[in-house]
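The residues making up each chain are set out below.
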Amino acid sequence: MHAEPPPAPTAPRSHPPSSVSQAPSPAPAPREDASPDAVLIRRTMATVAPVADKVTSYFYALLFVHHPELRPLFPAAMDAQRDRLLKALLTAAEHIDNTGVLVPYLQNLGRGHRKYGTEPAHYPAVGECLIGSLSRYAESVWSDETEAAWVRAYTTISQVMIDAAAADELRAPAWWHAEVVAHDLRTPDVAVVTVRPDQPYPFLAGQYASVETPWWPRIWRHYSFASAPRSDGLLSFHVKAVPAGWVSNALVHRARPGDVIRLGPPAGSMTVDHSTDSGLLCLGGGTGIAPIKALVEDVAEHGKRRPVEVFYGARTDHDLYDIDTMLRLQQTHPWLSVRAIVDQQANVQLPDAIREYGPWNEFDAYLSGPPGMIRSGVDALRGVGIPFERIRHDSVEELVATGS
Ligand SMILES: NC(=O)C1=CN([C@@H]2O[C@H](COP(=O)(O)OP(=O)(O)OC[C@H]3O[C@@H](n4cnc5c(N)ncnc54)[C@H](O)[C@@H]3O)[C@@H](O)[C@H]2O)C=CC1
């Protein structure tokens, strides 16, 4: 078994489009309402927090020693992402009372695990090692009741994941092969990669996929779709090669037409709510412009003339690698306005720029870019009066762990 990057159950990429708020850090259910199991789980978590690294190492040591058959499901080098599975499980357990959000999150996680080859029989092995590791490092607070609480939480978590994977098996492949059909190097380190999936790939504008290259087996990274669904079925991604980013460097510097990558199922909820006419205020930083472009295309296809205001931030003029496309879209669509905010020229950073325009009270907000931009962007949007529930973005926790 393997894991997507650690979840933020109150703000997972997978939550329903109608619940749009994305807290930068998870907000567990109010403590006074916590169930007895949640209290015990949180006590364990608080105890192991200072030695989290040791818990992680011990967990994987137990798993691979006692269940060597699971080792091939993980990447050869575990350094970068070794604690993702554990973090996902621990965070889910900590939010065990928050079922309304946790269940859709876990369903998505279960579906996403199909591409790793995860089987229902693997779950008990993982649970056993989880409890083995926690009981060792939380010895001072461990009791029969604590263990029972963890068993109940893990049973719930794994059952939701197993059921979701089984249901998904009936309607979708575990992964898609996709052939690179175009590779456009826009800057020395940003490429627009276009692929043709081997089977229809249904998704919504604003979502993302996990991507595995042939050069780094079992290492998956998330990339947002850079277009709304197209009639020719092609998908495109904007990829920036980042230092020590195995997948991103392979996609930018190595991939060429004819190469075949693998795609996991689409995920994410930064999608357009077509049931309203509200405007869209979109902030795209760097390659974060990719899903914003997809959202603009989506609004255009739905034919409603909703105002869409895009702020496109980049470090230098040269980094505005997709500005021509965005300006072309602006020329075609009178309801669209695109403003480039270049760090070196502007006196303000991208999120602050929105304060100079507006009013924004009739707008839903969409943020896409580096984690720092998302965090300050949410603050800026709240500052101009956009309520939390009208602000959408992918989980900051995942962005920290991905994009490489
Ligand atoms: N769905 C999403 O949210 C997506 C996120 N990304 C992420 O976007 C990032 C793109 O990287 P680069 O192109 O190198 O971007 P970058 O680091 O060059 O930043 C782009 C722009 O964002 C703004 N910005 C950056 N940090 C900020 C901060 N702390 N506060 C305020 N504004 C800030 C600035 O205007 C900057 O020019 C990656 O981390 C990638 O994972 C990319 C695609 C989709």
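Note that the coordinates shown come from a computational prediction; the quantities given were computed from them, not determined experimentally.

Calculation rules
- Residues numbered from 1 in each chain as written.
- Predicted model: local features only at pLDDT ≥ 70, side-chain atom pairs only at ≥ 80, totals over all residues.
- Heavy atoms only, no water.
- Pairing = 2+ DSSP bridges.
- Helix = DSSP H or I, 4+ residues; strand = E, 2+ residues; numbered from the N terminus.
- Axes fitted to C-alpha atoms, helices over the stretch in contact; angles between N-to-C directions.
- Contact = heavy atoms within 4.5 Å.
- Domains from an automatic or database assignment.
- Buried area = accessible area lost by both parts, 1.4 Å probe.
- Salt bridge = Lys/Arg side-chain N within 4 Å of Asp/Glu carboxyl O.
- Polar contact = N/O pair within 3.5 Å; in protein donor to acceptor, adjacent residues only side chain to side chain.
- Nonpolar A, V, L, I, M, F, W, Y, C, P; charged D, E, K, R; others polar.
- Near = heavy atom within 4 Å.
- Areas by Shrake-Rupley, 256 points an atom, 1.4 Å probe, with all protein chains shown as cover.
- Core = buried A, V, L, I, M, F, W, Y, C linked by side-chain atoms within 4.5 Å.
- Buried < 20%, exposed > 50% of the residue type's maximum accessible area, 1.4 Å probe, protein only.
- Parallel < 35°, antiparallel > 145°, perpendicular 65-115°, else oblique.

Thoughts on the sheet that holds strand S8 (residues 308–314)
Next up, step 1: Within the open sheet, the 5 strands sit side by side as S9-S8-S7-S10-S11. Their pairing is parallel. Both outer strands of the open sheet, strand S9 (336–342) and strand S11 (391–393), are each paired with one neighbouring strand and no more. Neighbour-to-neighbour, the strand axes of this sheet turn through a mean angle of 15°, independent of strand direction.
Next up, step 2: Pairing geometry for strand S10 (residues 363–368) and S11, over 3 bridges, is parallel. Within S11, the residue paired with leucine 367 across the bridge is histidine 393.
Next up, step 3: Along the sheet, helix H11 (residues 371–383) contacts strand S7 (279–285), S10 and S11; its crossing angle with S10, the most-contacted strand, is approximately 165°.

A word on the domain arrangement of the protein
Next up, step 1: If you check the domain split of the protein, you get domain 1 (31–169), domain 2 (176–263) and domain 3 (279–401).
Next up, step 2: Relative placement of domain 2 and domain 3: their C-alpha centres are 22 Å apart.
Next up, step 3: Summed over both sides, the interface of domain 2 with domain 3 buries roughly 1,400 Å², with 53% coming from carbon and sulfur.
Next up, step 4: Inspection of the region where domain 2 meets domain 3 yields 1 salt bridge.
Next up, step 5: At the junction of domain 2 with domain 3, the criterion picks out 6 residue pairs in polar contact (both at pLDDT 80 or more).
Next up, step 6: In terms of residue count, strand S5 (residues 235–240) provides more of the side of domain 2 that touches domain 3 than any other element does, 3 residues in total.
Next up, step 7: A per-class count over the side of domain 2 that touches domain 3 returns 9 nonpolar, 6 polar and 2 charged.

Examining the site of the ligand
Next up, step 1: Taken together, 23 residues surround the ligand, and among them Lys240, Ala314, Arg315, Asp343 and Asp394 come closest.
Next up, step 2: Backbone polar atom of proline 370 to an oxygen atom of the ligand: 3.2 Å apart, as the coordinates give it.
Next up, step 3: For the ligand, the accessible surface in isolation is 850 Å², of which the surrounding protein chains cover 82%.
Next up, step 4: Among the elements that make up the shell around the ligand, the one with the highest residue count is H11 (3 residues).
Next up, step 5: Of the residues in the shell around the ligand, the class split is 7 nonpolar, 12 polar and 4 charged.

Details of the nonpolar core
Next up, step 1: Grouped together as the largest cluster of nonpolar side chains are 43 residues, with contacts concentrated most on Phe59, Tyr60, Leu63, Leu106 and Trp150.
Next up, step 2: Listing elements by their share of this core, those giving two or more residues are helix H1 (36–48), helix H2 (52–66), helix H3 (84–94), helix H4 (99–112), helix H5 (122–137) and helix H6 (144–169).
Next up, step 3: Membership of the second largest hydrophobic core comes to 24 residues, among which are Leu295, Tyr321, Trp335 and Val338.

Some thoughts on the packing of H1 against H6
Next up, step 1: Contact geometry for H1 and H6: axes closest at 9 Å, N-to-C directions at 105°. The pairing of H1 with H6 is recorded here as roughly perpendicular in orientation. Each of Asp37, Leu40, Ile41, Thr44 and Met45 in H1 lies in contact with H6, whose residues at this interface are Glu145, Thr146, Ala149, Trp150, Arg152 and Ala153.
Next up, step 2: Among the residues making up the contact of H1 with H6, the classes are represented as 6 nonpolar, 2 polar and 3 charged.

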